[in-house]
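What follows is each chain in one-letter form.
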Amino acid sequence: MHSGGTELSIALVGTRGVPARYGGFETCVDEVGTRLAERGHRVRVYCRSQEADRPAEYHGMELVHRGAVHRRSLETLSHSGLSVAHLMTHRTDVAIVFNAANSPYLPLIRAARIPVATHVDGLEWRRDKWKGAGRRYYRMAESAAVRWSDALIADAQGIADYYRDEFHADTRLIAYGAPRIAGGDDLLATTDLAPHGYHLVVARFEPENHVHTIVDGYRRSNATLPLVVVGSAPYADEYTARVHALADERVRFLGGVWDQQLLDQLYANARTYLHGHSVGGTNPSLLRAIGAGTPTIAYDVVFNREVLGPAGAYFGTEDELARRLEDAEALADDTALRDETRARSLAYDWDDVADRYESLCHDLADHVQVRAHRPFTTQRVGAERSRTRKADAASGASTASTASTASTAGTAPAETARP
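Report follows, based on the coordinates. Computed from a prediction, not measured in an experiment: that's the story for all the values here.

Bringing the pattern of salt bridges into the picture now. Any two side chains of opposite charge can pair, on the condition that their charged atoms come close. Throughout the structure, instances matching the rule amount to 22 salt bridges. Of the charged contacts, one joins Asp216 and Arg219 as a salt bridge, the two residues approaching to 2.3 Å between their closest N and O atoms. With Asp216 and Arg219 both in helix H6 (residues 211-220), this residue pair falls three residues apart, about one helical turn. Relative accessible area serves as the criterion here: at 7%, Asp216 is assigned to the buried category.

Below, the discussion takes up the environment of Glu326. Relative to the helices and strands, Glu326 resides in helix H11 (residues 318-330). Overall, the relative accessible area of 29% leaves Glu326 in the partly exposed class. Placed 104 residues apart in sequence, Glu326 and Asn222 show a C-alpha to C-alpha distance of 6.5 Å. Sequence-distant contacts of Glu326, that is, excluding residues within four places in its chain, are made with Ser221, Asn222 and Ala223.

Note on sheets: strands pair through backbone hydrogen bonds, and any given pair is parallel or antiparallel. Read across the sheet, six strands follow the order S11-S10-S9-S12-S13-S14 without closing on themselves; strand pairing throughout is parallel. For this open sheet the edge positions go to strand S11 (251-255) and strand S14 (313-315), each flanked by a neighbour on one side alone. For this sheet, the mean inter-axis angle between neighbouring strands, taken without regard to orientation, is 25°. In this sheet, S11 lies alongside strand S10 (residues 227-230) in parallel orientation, the contact comprising four bridges. Residue pairing for S11: Leu227 is matched across the bridge by Val251. Packing of H6 onto the sheet brings it into contact with strand S9 (199-202), S10, S11, strand S12 (272-275) and S14, and relative to S10 it is tilted by some 165°.

Definitions and limits used
Residues numbered from 1 in each chain as written. Predicted model: local features only at pLDDT ≥ 70, side-chain atom pairs only at ≥ 80, totals over all residues. Heavy atoms only, no water. Salt bridge = Lys/Arg side-chain N within 4 Å of Asp/Glu carboxyl O. Helix = DSSP H or I, 4+ residues; strand = E, 2+ residues; numbered from the N terminus. Buried < 20%, exposed > 50% of the residue type's maximum accessible area, 1.4 Å probe, protein only. Contact = heavy atoms within 4.5 Å. Pairing = 2+ DSSP bridges. Axes fitted to C-alpha atoms, helices over the stretch in contact; angles between N-to-C directions.

In structure tokens, the structure reads:
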């Protein structure tokens, strides 16, 4: 059992840091770290901040700033390496490393006698931007995370299934929280949009997020409301050009929107939210959409069905998306669908997420999660299973039901020893 109310020092490593302006990891660190600090824990967050923006504290969390090599293949690893170097000489009771790509640093953290959990994220090696050596590296990093972590964290049942099938490794299932987004539309005028008068997609421009499929599917449709595209594409000029080339005059590209209030209003007032993410587990953009109660049309993979269940509509091709958009515009009153969508967000609560992280940190500090034996060789034992591929309607609905129960009921069973 963990140590009850004992205060811990906790290091959060491997993200861009806080305040969260980018991605699920950063949002998780912001939301969970703030709550853990409020409960009396000493929380240290390693940040990849600009030189001009280096606060020492944020919402009760201690911030340590370290640089990075600004190249796609090196940015995460270089920053995490500098962060771990600091951690080794400024020990904490436990550490949580975000992103399995950082797993080569786990032996150093363990050498400092710091129990460590790894949040493994989605299946990064499936992203099109990683070719050849990059893809092989991510596959190796998954194995290293299994071998060297005291615990693994999965944010979706589909990710937990993958690690069980591939490695016979259990995980703690801790999804993200969904913000509760109220109404309000006073800022929409700055974008010349009307409430419920547009379709919305918010995504990084990467092939696995299917922005190209969404834009092309919309172009093929007879939709009369404009498509608003929010997002940017660091290191992806070619893909950005491809997406823009698929658009017609009804598509509006807003680029990155960094005003959170405006972004929330864009979510809350959209006729539909279009979600194309396919490899990243539970996605914060999708959770923000259901927290706003926005009817959602999602790419048909198990991760998205896990979150949306029967409240969502799904597509796998451009033509399927075109039909879904036309159906959405033909629906005279979507009040019931908005209520059903918002109800899905109730299973994703940040206070509950923080409870689970706190429990895990206590288990790590008390060595509940420390394994008695680790293999010296790569531990991949399975093959890629269909449950992590694009789900068909039957298997997807079944998995979504299972995942919803897991998200509400608690974490996966704690593992005390693995082969």
